[in-house]
Every structure is written in structure tokens, then in C-alpha cells.
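What follows is the residue order along each chain.
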Amino acid sequence: MSPVRRGLWVAGLAALLATGSIPAADMQSFATIERGRYLAVVADCAACHTRPGGRPYAGGVTLQTPFGTLIAPNITPDPKVGIGSWTDEEFIAALRDGRGRGGIYLYPAMPYPAYTKMTREDALAIRAYLQTIDPAPDEIEPDQLPFPFNIRATMIVWNAMNFTAGRVAPDPSRSAQWNRGRYLVDALGHCRTCHTRKSLMGADESTGYLQGGRLGSWYAPNITADRQKGIGRWSVGDIVTYLRTGANAFTLSSGPMGEEVTHSSSHMTDSDVEAIAAYLLSLRGTTQKSPRPLAETDTRMRAGHAIYEDNCAPCHNDAGTGAAGLFPRLAASPAVQSDDATTLIRTVLFGSQAAATPDAPTGPAMPSFGWRLGDAQVAAVITYIRNAWGNAAAAVSPGQSRMVRRAHNVP
Amino acid sequence: MATKLPAKDVAIIGLGWTGAILANELSDQGLDVVAIERGPWRDTATSFNIGYAADELRYGVRLDLFQQPAQSTVTFRNRDQETALPVRQWGSFQPGNGVGGAGVHWGGQTWRHLPSDFRLRSHLTERYGKSFIPDELSIQDWGVTYAELEPFYDQFEYLAGISGKAGNLKGVIQAGGNPFEGPRLREYPLPPMQMTYAPTLFAEAAQSVGYHPFPSPAATLSADYTNTLGIRMGQCTYCGFCVGFGCANYSKASPQTSVLPVLMRKRNFEARTECEVLKVNLDRSGKRATGVTYVDSSGRQWEQPAELVLICAFAFNNVHMMLLSKIGRPYDPNTRKGAVGRNYAYQTYSSVQVFFDDKIFNPFISSGACGQTVDDLNGDNFDHSGLDFIGGGSISCQPTDGRPLAHLPVPPGTPRWGARWKEEAKKNYLRSFGFASQGSSYAAYRNHLDLDPTYTDRFGRPLLRMTFDFPDNDVRMSNHVVDRMELIAKAMTPRHYVLDRRARPYSVVPNQSTHNTGGAIMGMDPSTSAVNKYLQSWDVPNVFVVGSSAFPQNPGYNPNGTVCALAFLAADAIVSRYLKSPGRLLET
């Protein structure tokens, strides 16, 4: 560098320091935008804001909530129908405080109760990235809720009761990896949105953190280190493999988690996935002592065993061990022993396809059995797998199967 | 009439094994590939749901997975002097349909042909003299050698997870494998399947009469496997619903279990199902293909332009497509000129059924390829000097199933129904098994394929006409092999055995084998072959024709191992050579 140019550079730097503000140019740097792209992937914005086959971030995904239907808006930089004309502060308010442009209240289908923990720097990076994508002309009317939920002001009360804004300070007694893991899980990854039980108001319960939650006819299982119902028997490597590929030696992802793996965690860096694993394994389980399984002589168990041998054993094996990367292991499986058997019921009834990722491209599928097994048989076979091979969990009733069937209008 | 679509780099006709392999290899190079498949989309969990995958009435009797004769069929006659009639119900052979093609309904027996098979005419001339080859036979060399094909056999075996035992590693004979096979560079990816009792007994008997039994190489997997594309496959459960059925367990190699999960994820690949290609379009010169025209399920016609067209349908459907598209010169059996339709061949199948009183075989524990084989009587593995035929056959005991409707062996003389039949069916179900020879089928000048002058399909296109009878050579060969099979049967000291010999005339009615070959054969001479050694049309160089249609004659094995090796060979030639000067005939 010539002396003259160096002088200019120094002068420029001095001027910058004098103003004391973060240079605007920084937000346009490749590093920032690329970081924003990565963070948008980790936060899985596309899950709601990109319709399958639609333009990236143009919105249009329909979200079925217990209160009615919401449609995720267009967050491309289109100045009219997107958020291109929003200021950074408006964007951050939406992301972290649940307040849209003009102060309107957002519904917490937008996971601002989690994103509120996001750092300003990360929020701005996501903003910087979103400003670089192609503006899409898709006009979306997000609000399809029925009265009274369509009155956004109701969210004032909701927020007052359920929402705590603000960042969480790092815990200095824990490692940097643990703190990073917690940040990823709580803020960007918004894991609790699915994996924590919801109150009647649709808010995360203050208890039961990451111990499982219901999501339509899916049950997002316990992801604490509980050895019975959670992932306490998994190693860091097992969790990393699962999040990176969608499949590990025990199970495969499908349903909403399959989408999460496909769009988000399979694209995360090794160190981030390892941090998530380390953090989750630090969450102690609540199962004090293993429950007792139903007796083998129980009529439901005997019926379930026979149904299992005829329908399930060809893939999952007599011993419930499955095949790594192909057929989920049922023995000692936390998902099988979940408090809530909804996922098991819907999987037996309707089948399910595992996520396919570049490192685990198989994407095998469970066939449907609802056309073949009646509700009593579905209940018996699920009761059996929940209480065979050392598993232990509450029996499932035919009525539970009937409810899942009805919810899907399947005879 | 036909709506013209945006051009693709490659249009593939048929999405079975060869179409899937070529699509995957070529899309890996970044080419924009479309596969156009006449039949439906098929996927394991939805199409072969384990709750109905074993529906014998639907699949075994009503042939749900196969080409529907009302959609398209062939006409058949034994000789030129006869009038061919349409086959309205499949019998002798059953061509597949839909995504996966014959790769869905096959049994999984996966062979490499013998080195001498590829140089058949040269080899026999060298060993026995030119006059030893019967005049009726039009057998030829393939143009490709076993050594050239070895890496591509290997590529397929590791893609499909073949379970077997090598008999010849780099020229060193291996105990427990086939001592007659050509040298392979490495072992099979998986060990042989667990043996059931019937093949075990067969192997003991075969050994006692001096033969060399070994476990048959199987695409029904002996263990869980991750294939070369990273796709997971499961261990076979020996359920016995392979031949004619789709596998519910991800355990039988098929395009669905071995290729499609990776292929379908690619943005530069597209499969269009229930779309039937009417013809390959040629430019005015007739020497360059411009794409294909097809009809979708609503009856609409589309023109799909493409730089490269790969004909990857079933064997005789490939020939049909060439004839309809006027690619190459049709074969005339009178002048013996022309290449397309030439050297149609089949399989000279024969079998022995053995019945016991004191032995229980549990036939329902089986797979389409689990068994034992002896190769002592195959090809030119034995000295034909002084014999009145050439060729031979592998002899395998592979009890493929114990299905309740079709598998009810009863000894001759049993009534077809009633109390006696029930009694015999019950008595023999567990106590009987069969073993069979896949006899070679050597091409004859008079056997051929052409367009039928009378019968047409639903689009008004002439049906393919098949003219075939067993050559005298093959009947003599088959009888020789069956006589030796009888020795094996006797060595087992059964209560009773029944020989099923082949005799002329060939009948298209009883089920024998879906190993139809030839009609678009590979070779070194454009006047006697339709495609060169890379499966490239001599006449229209931007068309490749891949399948058992390329076999100059059919050796004594199930064809699919070689079919898929040829697909990899063609893919390699296209990628490494053709694409450097597209449209040109590759030097051979």
C-alpha cells in the first residue's frame, strides 16, 4: 500500500471511530450477509416463510394453530408486499418483541418468545441477508383467525401473561460451548416452540422445559437427558448425527422434525450441532425410577404381540432393534415411551416418510396400516411396543386411535 | 399436434434398472436429464405396503406389476410360415411396467457371464473348429470382453449389495465360490445368504456326482448394507415374495431401493410417469435423433427435444422402439441382411421336481435368489468334443417361494381337484422342491423380431412380432443338461422325481422365463449388429440402446447382472468419450 493511500485509510478509520457508530458498510460485507444467511437457516425462517415450490421467503405457508389459521407473510425485500421498506429497528421489534410495523401485535406462531433472546448483532445479520434476496411479489394476507382471536390487541394480554422480552446473559459457570448450545436451542433454534408443553393459551409452560409437547397430531418428544423418555441414552455423537443427517443408529426423523433437519440442522456447522448436543445432555431428566411394564399376559400385550409379529417384525425385528438408518429401533426408544403416544398412533395409521439428506439420502418410509388395523388393534400393537423389550409406558386406548383418525377425517 | 417442450440434454425411455443407472451417472455430470416412463410411479412404502405386498392373487395371479396386454403386447408365431397372433395374457414371459421396471419384480439372481460367453463364436471356432458351430445358429461375439466389463460388473454388484462368494479372485480360485467364473478384482460386497435345507441337500447331491456347488449370488441382501450411493438397504427376511412382487423391506435391490432415493433428489433430473413414448424423432437425414414424442395419461402429445436419446425399455420393447422410429435397418431372415430384430433369443429353461416322504423343506422360507448353483454344465465349461450341441446351462436350486396359490406341487397322476388332490397337496407342500437349469439360448437365423403387418396398439402403431422356436441345438443341449440333473436328483434318493424337458415347438403359454434377449444386438460389424460395443446405434449415433436387447445370444444365466454392467459401460463411454464430441460414432 502506498503511503498516500495508507494515510487516507487511517484518516477514514479515525473519522469512523469519531462517530462511534457501527459502520453501515459492515452490514453489507460478505461476512455479515453470509452469517445472516446461516443464522436464517439455523432459525429455520424458511420453515414458515417459504412455501414448498414457492419463491424463497415469499411466505404463504399455512400454519394451523389451535386458534385458527395463520399464513406466514412475505419477508423478501419487496417494498410493497415484503419488508424491504422496513427500518432495521422495525425488523428487530418484529423478531424480538412480536410487534410488527406500526406496532401491531404479532401472533406467537412467529416464535418471538424465543427470538427475543437473540442478540441484536445476529438479528441485524439476518436482516442484512434478507435484504439481499430476490424481492417476491407474493401478496399474503396472514391473518385468517376467527373472532375473537383476530383482534390483535388480545395479544397485549397474552404478552403480559406469557411473554418475557429480553436477552439471557451467558452463564459464566458453564463452558462457552454450553452457552452457545443454550443460545442455539432457546433463541435461534426455538426448540421449545414444539418440544415444550403448551398452556391453554398456547404459551410454553414454565415447567416441562423441552420435556415434550403436542403439535397437531405430532408429539415432539422429550429432548432432555431423561434416560426413559428423553435422549439420555444418546451420546453427543448420536445427537450430532441425528441433527446433521436426520438418522442415527436408533431412529430417523420424519414429520415436522424431518422438515427441521432438512431445512435447518443438516446445514449447521459441526461446532453448533455439538454445542446443541452438549447443552441438551446437560438437562437432567425427571423420571425418578423406571415405570413397570405391563405384564406379558395382559390381553392387550398378547394381541399386540401377535399383530406386531405379522405387521411390524419384518422391518423392526422380533427384538425391536430395527436397522440403523432404515428402520427405527423401538426397544429403549424415548419416542416409543413418550407420555403422549400421538406420533406413534399417527405413524401406525398413516405411515410416515423419513427425511432424506445428502449424508443419509435413503428417506425410507413406514407404510400405513390404518386401512388394515382397527382402533383396538392399533391400540394393542402400540401398547405392546411401549411395554416390550424392557420398554415401559402407559397403555394406549382404542379411543386415542379413533381420535387421531377422526382428526384426519380418515375412516 | 404434439406440443414442443423446452429441450433437455438427455431423454431416457423407461425408468427401470438401466434408465435409472444411466440417469444417475449422466446427471452426476450436470446434464439435464428426463426419464419418460410408460407405467406408474412406484415407491416401496406406498406401492409395496407390507400389508398387501404379498397379495398373491393381485401380483402372482393377476400380474399387477406387469405390462398390461391391453396397453401393449406382442404377436407371436413359431416360424415365418405361420400367422402371428397377439399374446393377450402373459405366460412364457412377463414384461414389467412402471418405475423400476423388471427391477421391481425380478428374483435377484445376479450373474456375470463367463469370459468365453463374450467371444462365443471366436472361442468355439478356436477350440473346436469352424464347422463345429451348427449352421442354424447366428451366434456372434459381443465386441466387449469380460475383462472390459469386469469393473462395471463390480460397480453394479456394489450398488445392489449382491450377496455371494467369489470363486475367482484375480485368477486365484477360491474355495466355496464358482470355480468357473471369470476373475474378479474383489469379493462380493456381502456374504452369501443363509442356506435353507433344499439347496443344502441339492449341493450335497451335486457334489456327490462330481460337480462344484456354490451359493448363488443374490440381490436379496444377506445383511444390512449401505450402497455406493450412500443408500441404506435392509437384510432380507426370506419371506419368499420376490419373483413377481415388489419388496416391502428395502431388501431386494431395485431402482427403488438402490438408485432412486439419490436420483430423485437431483434438480437436474425429472421423471415423467404414465407417459408413453411413441417414437424417437429423427432429423431429415435420419442419422440424428432430435428427441422423442410421447403421450401423457390424458392423451395429450408432447415433443421432448433432446441432444441424446437413451432407449432403456424392456428388451423387446427396445427393438420395437427402434423399428417404429426407423433407427437401423430391419432384419430380413430370408436374406439374413439387416440388424434390427436380428438374433432374438430366449432361455432354454428346464427343471426337475423331487418329492420326499421323510424330509421337510419349509418352502415358505426363501428368497428369489437364495440357493445353490453348479456351473459345471454351463457355457463351454465342459468339453463339447464328441457332443452334438454347443452351449449349456447353470443348474440352480433356488426355491423362490412357498406361496399358497401357485406353490402346490403334486406328483404326476394326481387329479386336478377333489379329495385326492387335497390330500397330495397337503402331503407334498413341505416335502418337495425343484431345481432348474437356465439353459443358454443361442441365436438362430430364423428367430427374429419385426413389426406385425396386422395388429396394432391403442395408438395404431404396429405391434412387435416375435418369431421364435427352440433351435435343435438348444433342445439337444437342454436334454444333455437334464440328463445330468436327473443324476443329481437320483443322488438325493427321493421318493419320486419329475423331469420337465424342453421340446419343440416353443409355447408362449406356460411360464418359463422373462429372459428375452437380442434384437438390438451389440457387435463389431454394423451389418450384423444394431449397436456398437458401447450400446451406441451404428446408424443414429446420438441414440444408445441399453438392455438385454444387446445380447447377441443368451448365455446360461439370468441376464440382469450383465444388463446393468452394460448400462454402466454405456454410461462410462458417454461420459468419458461421447460427450467430448457429441453426435459422433465412438471409435471401437
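Small disclaimer: the values here were computed from a predicted structure and weren't measured.

Honestly, the overall build of chain B in this entry has me stumped. Any pointers?
Within chain B, the regular secondary structure consists of 14 helices and 24 strands. In terms of its C-alpha atoms, chain B occupies a principal-axis envelope of roughly 70 × 60 × 50 Å. Per-residue burial over chain B gives 58% buried out of 588 residues. Considering only intrachain contacts with a sequence separation of at least 6, the fraction spanning at least 24 residues in chain B is 76%.

Looking at this structure, I do not really get the sheet that holds strand β21 (residues 462-467) of chain B. What am I missing?
Strand pairs in the sheet, formed through backbone hydrogen bonds, run parallel or antiparallel to each other. Residues and elements named next belong to chain B. On the basis of which strands lie adjacent, the open sheet formed by four strands has the order β5-β4-β21-β20 and mixed pairing. Every other strand in the sheet has two partners, leaving β5 (85-86) and β20 (448-456) as the edge strands with one partner each. The pairing of strand β4 (residues 74-77) with β21 spans four bridges and is parallel. Considered in β21, the bridge of Val74 is made with Leu464.

Looking at this structure, I do not really get helix α17 (residues 375-387) of chain A. What am I missing?
In an α-helix there are 3.6 residues to a turn, and that puts residues three or four apart on one side. Residues and elements named next belong to chain A. Across its 13 residues, α17 extends 18 Å between first and last C-alpha, which sits within 8% of the 18 Å expected from 1.5 Å per residue. Buried residues dominate α17, accounting for eleven of its 13 residues. For α17, every residue scored as buried is listed here: Asp375, Val378, Ala379, Ala380, Val381, Ile382, Thr383, Tyr384, Ile385, Arg386 and Asn387. In this structure, the buried residues of α17 make contact with α14 (299-311), α16 (342-350) and α18 (398-407). A positive phi of about 55 degrees marks Trp389, the residue just after α17.

What am I meant to see in the interface of chain B and chain A here?
Put simply, an interface is often sized by how much accessible area is lost when its parts join up. On the side of chain A, 19 residues touch chain B, which itself brings 20 residues to the contact. Its residues assigned to classes, the side of chain B that touches chain A comprises nine nonpolar, eight polar and three charged.

What exactly am I supposed to notice about unusual backbone geometry here?
Leaving glycine aside, a negative phi is the common case for residues, and trans is the common case for peptide bonds. The amide bond that connects Arg504 of chain B to the next residue, Pro505 of chain B, takes the cis arrangement and shows omega of -5 degrees. For Pro505 of chain B, the position within the fold is in the loop between β22 (496-500) and β23 (517-519). At Leu210 of chain A, a position not held by glycine, the phi torsion is positive, near 60 degrees. Counting through the fold element by element, Leu210 of chain A comes out in the loop between α10 (192-195) and β4 (213-215). A count of 25 C-beta atoms within 10 Å places Leu210 of chain A in the buried class. In the Ramachandran plot, Asn343 of chain B falls in the positive-phi region, its phi being about 55 degrees despite a non-glycine side chain.

What is the right way to look at the sheet that holds strand β17 (residues 372-374) of chain B in this model?
All names here are of chain B. An order of β8-β17-β18-β19-β16-β22 is seen for the six strands of this open sheet, with the pairing classed as antiparallel. What marks the edges here is a single partner per strand, and that holds for β8 (214-215) and β22. As paired strands, strand β18 (residues 393-397) and strand β19 (residues 432-439) are joined by four bridges and run antiparallel to one another. When the bridges of β19 are listed, Ile395 appears paired with Ser437.

How do you make sense of the domain arrangement of chain A when you look at a structure like this?
All names here are of chain A. Per the domain assignment, the segments making up chain A are domain 1 (22-162), domain 2 (176-281) and domain 3 (299-407). Computed over C-alpha atoms, the centres of domain 2 and domain 3 are 21 Å apart. Facing the 27 residues of domain 2 at the interface are 24 residues of domain 3. Secondary structure elements with two or more residues in the side of domain 2 that touches domain 3: β5 (218-220), α11 (236-245) and α12 (255-263). Residue composition of the side of domain 2 that touches domain 3, by class: nine nonpolar, 14 polar and four charged.

I'm lost on the environment of Arg329 of chain A in this one. Help?
All names here are of chain A. Turning to its location among the elements, Arg329 is positioned in the loop between α15 (313-316) and α16. Here Arg329 falls in the buried class, since 22 other C-beta atoms lie within 10 Å of it. C-alpha separation for the pair Arg329 and His316, spaced 13 residues apart in sequence, amounts to 6.7 Å. The residues contacting Arg329, other than those within four sequence positions of it, are Phe250, Thr251, Gly320, Thr321 and Gly322.

What exactly am I supposed to notice about the pairing of strand β13 (residues 289-295) of chain B here?
For a regular strand, side-chain orientation follows a simple rule: the groups alternate between the two sheet faces. Residues and elements named next belong to chain B. In terms of strand pairing, strand β12 (residues 276-282) meets β13 through six bridges, oriented antiparallel. Note on β13: the bridge partner recorded for Asn281 is Gly291. Remark: six residues form the turn of the hairpin made by β12 and β13, two consecutive strands paired antiparallel; Gly286 in that turn has positive phi of roughly 75 degrees. Bridging between β13 and strand β14 (residues 301-311) involves five bridges; their strand directions are antiparallel. Looking at the pairing, Val292 lines up with Gln304 of β14. What sits between the antiparallel neighbours β13 and β14 is a turn of five residues, in which Gly299 has the positive phi angle 90 degrees.

Reading guide: rules and limits
- Residues numbered from 1 in each chain as written.
- Chains lettered and ligands numbered in written order.
- Predicted model: local features only at pLDDT ≥ 70, side-chain atom pairs only at ≥ 80, totals over all residues.
- Helix = DSSP H or I, 4+ residues; strand = E, 2+ residues; numbered from the N terminus.
- Buried ≥ 20, exposed ≤ 12 C-beta atoms within 10 Å, placed from the backbone.
- Contact = placed C-beta atoms within 7 Å.
- Pairing = 2+ DSSP bridges.
- Expected span 1.5 Å × (residues − 1).
- Nonpolar A, V, L, I, M, F, W, Y, C, P; charged D, E, K, R; others polar.
- Domains from an automatic or database assignment.

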